[in-house]
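Descriptive analysis of the structure
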Amino acid sequence: MAPVNLKLSDFSGMRAKDVLGLWYGYKKIISAGLDPGPAKKLEKVFSGYGLVFERIDESYDYKGRSRTYLVAKKTSYLKAAAAAYYDSRYDAVGALLGYPACCVKKHNAIIRGKGPMNDFVRRSAAGTGRFRWELNNILDFDGRLNGERAAGFDVSLVPHASLISHNPCAYDCAPSLKIARLNLALLRRHGAGSEADPALLARPVLYADDFNFAVLNGTSGPGGAAYSGTACVLGLEELRGALGRCDLAAVSGRRLTLSRKGRPVLQKDFPVKPLLLPFAL
Ligand SMILES: [Zn+2]
C-alpha cells in the first residue's frame, strides 16, 4: 500500500513542485535529472509511494552526469511519454508534463529554429506585458541550458527558485500563472524551500544571458532598477564590484550604466542589449 500522506522530504534531490504536481494529478508524468547516488535511493521512494518510473536515454541531460527519469502514477502514462520522447514528439511530452499548450508550442519552435538555444528568456521577455513574479524562471535552468557551454556549468552554484517547470511563452502567460499560483499554494502548504521564495523571484533581474545575470534587491522604475545589493549574481565578473557598490542599474541600447547616489560609476557595452526584467510583487 502506498502511503496516504505525501512527505516532501522523502523526495529530496527533486523539485518539490514537480512531486506535488504528480501527487495532486495535474501532471501525468514528471521528468527529473537525478545523480546516480540519489537516484538509487529515490527509486525505492517511488516504489514506496506506488509510483512507476523509467530511465530514459541519458543524452537528454545537458550535464552528462545525471540520468533522466520519467515518473508517473500509471504505467500507461509512462509508456506514452517514453514513446513520445523516443519519437521526439515534444508536444505530446509537454502535454503529459502538464505544460500549457501555448508555451510548449513556443518552446518547440525555438528548439526547431536555427537561433541560439539559450534564447528562451529573451524570447519570453519580448512578448511580455506585465512581468509576473510567479513566472520568473531565471533561477531554473532545466530545459533552458544546452550545448557545450552548458555542459561545464554548475547549477549547484545558484539557488533554485521557480514556481513553474517550463519556459513560459511570455512572463504574463495566463495558463502558466494558474499553474504557478497552484504550485505556490501547495508549496506553502507542504513547506516550501527556496523554490517559492519571493526574495529571489519578485526582484528585478539584470540579464545578459543565461550565464551572466544578477537578481537585484530592489524595484524597477522608468529610470532603471533602484536596488541595494544583490540576491544572486551569476557570471558578470567584471561588474561584481560595481554592482555591490551601486544603487541604480539602467540600460540604454546595449549600454548598461551603474550609478551610485545619482553619479555614474561604471558603463559597459554588451554585445547584445542587456535586459532589466522588472519582476515585482
Ligand atoms: Zn503560454
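None of these values were measured; they are calculated from a predicted model.

Turning next to the overall build of the chain. Each helix and strand in the chain was counted, giving ten helices and ten strands. Relative to its 281 residues, the chain shows a buried fraction of 34%.

This brings us to the pairing of strand β6 (residues 224-234). Note: strand β5 (residues 212-221) against β6, eight bridges, orientation antiparallel. In the strand pairing of β6, Leu-216 is matched with Thr-230. Between β5 and β6, which pair antiparallel and follow one another directly, the connecting turn spans two residues.

Along helix α1 (residues 16-23), seven of the eight residues are buried, which leaves the element largely enclosed by surrounding structure. Among the residues making up α1, those that are buried are Ala-16, Lys-17, Asp-18, Val-19, Leu-20, Gly-21 and Leu-22. Residues of α1 that are buried in the fold lie against β1 (29-34), β3 (67-72) and α8 (174-190). Gly-25 sits one or two residues past α1 and shows a positive phi near 85°.

Taken N-terminus to C-terminus, the directions of α1 and α8 make an angle of 100°; their axes are 10 Å apart at the nearest point. As far as their axial angle goes, α8 and α1 are roughly perpendicular. Seen from α1, the contacting residues are Ala-16, Lys-17 and Leu-20; seen from α8, they are Asn-183, Leu-186, Leu-187 and His-190. In terms of residue class, the contact of α1 with α8 is built from four nonpolar, two polar and one charged.

Time to look at the nonpolar core. Residues Ile-29 and Val-71 are the most contacted members of the largest nonpolar core, which totals 63 residues. Setting aside its immediate chain neighbours within four residues, Ile-29 contacts Leu-70, Val-71, Ala-72, Tyr-77, Leu-78, Ala-81, Leu-96 and Leu-97.

Below, the discussion takes up the sheet that holds β3. If you walk across this open sheet you meet the three strands as β1-β3-β2, and the pairing is antiparallel. Taken across any chain shown, the strands that pair with only one partner, and hence form the sheet edges, are β1 and β2 (52-55). When strand polarity is set aside, the average angle formed by the axes of neighbouring strands in this sheet is 25°. Each of β1, β2 and β3 touches helix α3 (residues 75-86); the most contacted strand, β3, lies at about 140° to it.

Another point: α3. Between its terminal C-alpha atoms α3 stretches 16 Å, which fits the 16 Å expected from twelve residues at 1.5 Å a residue. Every buried residue of α3 is accounted for by Leu-78, Ala-81 and Tyr-85. Buried residues of α3, viewed axially, fall in a sector of 70°; they line one side. Those residues of α3 that are exposed and angled more than 90 degrees off the buried face are Ser-76, Ala-83 and Tyr-86. Elements that come into contact with the buried residues of α3 comprise β1, β2, β3 and α4 (90-96). Ser-88, located one to two residues past α3, shows a positive phi value of around 55°.

Where strands meet in a sheet, backbone hydrogen bonds hold them as pairs that are either parallel or antiparallel. The strand order across the open sheet built from seven strands is β9-β8-β7-β6-β5-β4-β10, with neighbouring strands paired in antiparallel fashion. Looking at which strands have only one partner, the edges of the open sheet turn out to be β9 (263-269) and β10 (275-277). The sheet shows a mean angle of 40° between the axes of neighbouring strands, taken without regard to direction. Taken together, the six bridges between strand β8 (residues 255-260) and β9 define a ladder with antiparallel strand orientation. Bridge pairing in β9 links Thr-257 to Gln-267.

Right, let's talk about unusual backbone geometry for a bit. Even without glycine at this site, Leu-236 takes up a positive phi of about 50°. Position of Leu-236 among the secondary structure elements: in the loop between β6 and α10 (240-245). C-beta crowding within 10 Å serves as the criterion here: with 19 such atoms nearby, Leu-236 is assigned to the partly exposed category. A positive phi angle is found at Lys-261, which is not glycine, with a value near 50°.

Turning next to the environment of Ala-249. You can see Ala-249 is positioned in strand β7 (residues 248-252). Its 26 C-beta neighbours within 10 Å are what place Ala-249 among the buried residues. Along the chain, Ala-249 and Ser-220 lie 29 residues apart, while their C-alpha atoms are 9.1 Å from each other. Apart from residues no more than four positions distant in its own chain, Ala-249 is found in contact with Leu-206, Leu-216, Gly-224, Ala-225, Tyr-227, Leu-256, Leu-258 and Leu-276.

Definitions and cut-offs
- Residues numbered from 1 in each chain as written.
- Predicted model: local features only at pLDDT ≥ 70, side-chain atom pairs only at ≥ 80, totals over all residues.
- Helix = DSSP H or I, 4+ residues; strand = E, 2+ residues; numbered from the N terminus.
- Buried ≥ 20, exposed ≤ 12 C-beta atoms within 10 Å, placed from the backbone.
- Pairing = 2+ DSSP bridges.
- Contact = placed C-beta atoms within 7 Å.
- Axes fitted to C-alpha atoms, helices over the stretch in contact; angles between N-to-C directions.
- Parallel < 35°, antiparallel > 145°, perpendicular 65-115°, else oblique.
- Nonpolar A, V, L, I, M, F, W, Y, C, P; charged D, E, K, R; others polar.
- Core = buried A, V, L, I, M, F, W, Y, C linked by C-beta atoms within 7 Å.
- Expected span 1.5 Å × (residues − 1).
- Arc of directions from axis to C-beta.

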